[in-house]
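Letter by letter, the chains look like this.
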Amino acid sequence: MTSSQSHLIFDTMIGGTKPVTVVDNGHKCPFCCREKLEGVIAEDGPILLIANKYPVLQDTVQTVLIETDDCAAELSLYSKEHLHRVIRFGTEKWLDMIASGEFESVLFFKNHGPSSGGSIRHPHMQIVGLRHLDYTVNIPPASLEGIVISRDGGVELAVADKPLVGFTELNLKLADLGQLDRFADYLQICAHYFLHHFNRHCNSYNIFFYYIGGQITAKVMPRFVTSPIYIGYAIPQLSTRIPDVAADLKRIYGL
Ligand SMILES: [Zn+2]
């Protein structure tokens, strides 16, 4: 048994060959060329799970969940039916990888927009099994809690009062898998809020899913250039706008 790692090893040789289409630069979108996609692991209509063609992280299994065949679509704009289908598919594949026992932990996350850290615009998520690294020890339990905005149908939405990075993070807790569609509805509200009602400069967000102690939690965070105070000193910051965020979400989305 190999001991736990604290760092993932990034293969720069593979990294250098990766296409970048998050900004329109004339590159063809690799996720639109469906007939050329290799390594399909699972599919549900327009939704695909494929092996990542550029597995830059050593000692991991990297997969990509292509959410739709519409390159210009966005999770915040999906019909309820498609939204539920995508989140059910992704959660199922993520939990399958956790249950396989092959990994110390499994990441499940989404990047959207130029400041999110993603390189491809086409709506997608990633599920990454880490053979020798347990991410859960890096997540302070308090960072997944917060001031509760809404509790509805087995889903709790809170605005973080001890954010992981800052300044504004929304945390969603799922009571049981039977409420997954409602959980998806809330994810969509959070993504829509950050893109359309939060800050006119916000065009990027991340969703991070956590499975810790049997509890599924998702964190939705708007992305900007990250504060040097966090990068250099690991000090998260809390926005003074937190009460406004809670009030806005209630008012705009009727929570
Ligand atoms: Zn595309």
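Residues numbered from 1 in each chain as written. Predicted model: local features only at pLDDT ≥ 70, side-chain atom pairs only at ≥ 80, totals over all residues.

## A closer look at the overall build of the chain
Within the chain one finds five helices and ten strands. For a compact globule of 255 residues, the expected C-alpha radius of gyration is about 18 Å, and the chain comes in at 18 Å, within 12% of that figure. C-alpha extents for the chain along the principal axes are approximately 45 × 40 × 40 Å. By residue count, 33% of the 255 residues in the chain fall in the buried class. Expressed as a percentage of contacts within the chain between residues at least 6 apart in sequence, the contacts between residues at least 24 apart total 64%. (Helix = DSSP H or I, 4+ residues; strand = E, 2+ residues; numbered from the N terminus. Rg over C-alpha atoms; globule rule 2.2 N^0.38 Å. Buried ≥ 20, exposed ≤ 12 C-beta atoms within 10 Å, placed from the backbone. Contact = placed C-beta atoms within 7 Å.)

## Some details on the nonpolar core
Counting residues in each nonpolar core, the largest one holds 52 residues, and the members touching the most others are Leu-172, Leu-187, Cys-190 and Val-220. Per element, the largest residue contribution to this core is ten residues, and it comes from helix H3 (residues 180-198). Two domains each donate at least three residues to this core, and these are domain 1 (12-136) and domain 2 (140-201 + 225-253). Other than its neighbours up to four places away in sequence, Leu-187 contacts Ile-87, Leu-172, Ile-207, Ala-218 and Val-220. (Core = buried A, V, L, I, M, F, W, Y, C linked by C-beta atoms within 7 Å. Domains from an automatic or database assignment.)

## Focus on the domain arrangement of the chain
Segmenting the chain into domains produces domain 1 (12-136) and domain 2 (140-201 + 225-253). For domain 1 and domain 2, the distance between their C-alpha centroids amounts to 22 Å. Facing the nine residues of domain 1 at the interface are ten residues of domain 2. Of the residues assigned to the side of domain 1 that touches domain 2, the class counts are four nonpolar, four polar and one charged. (Nonpolar A, V, L, I, M, F, W, Y, C, P; charged D, E, K, R; others polar.)

## Examining helix H5 (residues 242-253)
An α-helical turn contains 3.6 residues, so a residue and the one three or four places further along point in the same direction. For H5, which comprises twelve residues, the first-to-last C-alpha distance of 17 Å matches the rise-based estimate of 16 Å (1.5 Å per residue) to within 8%. Inspection of H5 places Val-245, Ala-246 and Leu-249 among the buried residues, and these make up the whole buried set. For H5, the angular spread of the buried residues around the axis is 100 degrees, confining them to a single face. More than 90 degrees from the buried face of H5, the exposed residues found are Pro-243, Ala-247 and Arg-251. Tucked inside the fold, the buried residues of H5 contact strand S6 (147-152), strand S7 (155-159) and H3. The positive-phi residue at the C-terminal boundary of H5 is Gly-254, with phi of around 65 degrees. (Expected span 1.5 Å × (residues − 1). Arc of directions from axis to C-beta.)

## Some words on the pairing of strand S1 (residues 40-44)
Sheet topology note: the S1/strand S2 (residues 47-51) ladder contains four bridges and is antiparallel. Considered in S2, the bridge of Ala-42 is made with Leu-49. Between S1 and S2, which pair antiparallel one after the other, the connecting turn spans two residues, and Gly-45 there sits at a positive phi close to 60 degrees. (Pairing = 2+ DSSP bridges.)

## Describing the environment of Leu-57
Mapped onto the elements, Leu-57 comes out in the loop between S2 and strand S3 (60-66). A residue is classified by how many C-beta atoms lie within 10 Å of it, and Leu-57, with 19 of them, is partly exposed. Separated by 48 residues in the primary sequence, Leu-57 and Ile-9 have C-alpha atoms spaced 5.7 Å apart. Those residues in contact with Leu-57 that lie beyond four places of it in its chain are Leu-8, Phe-10, Gln-62 and Val-128.

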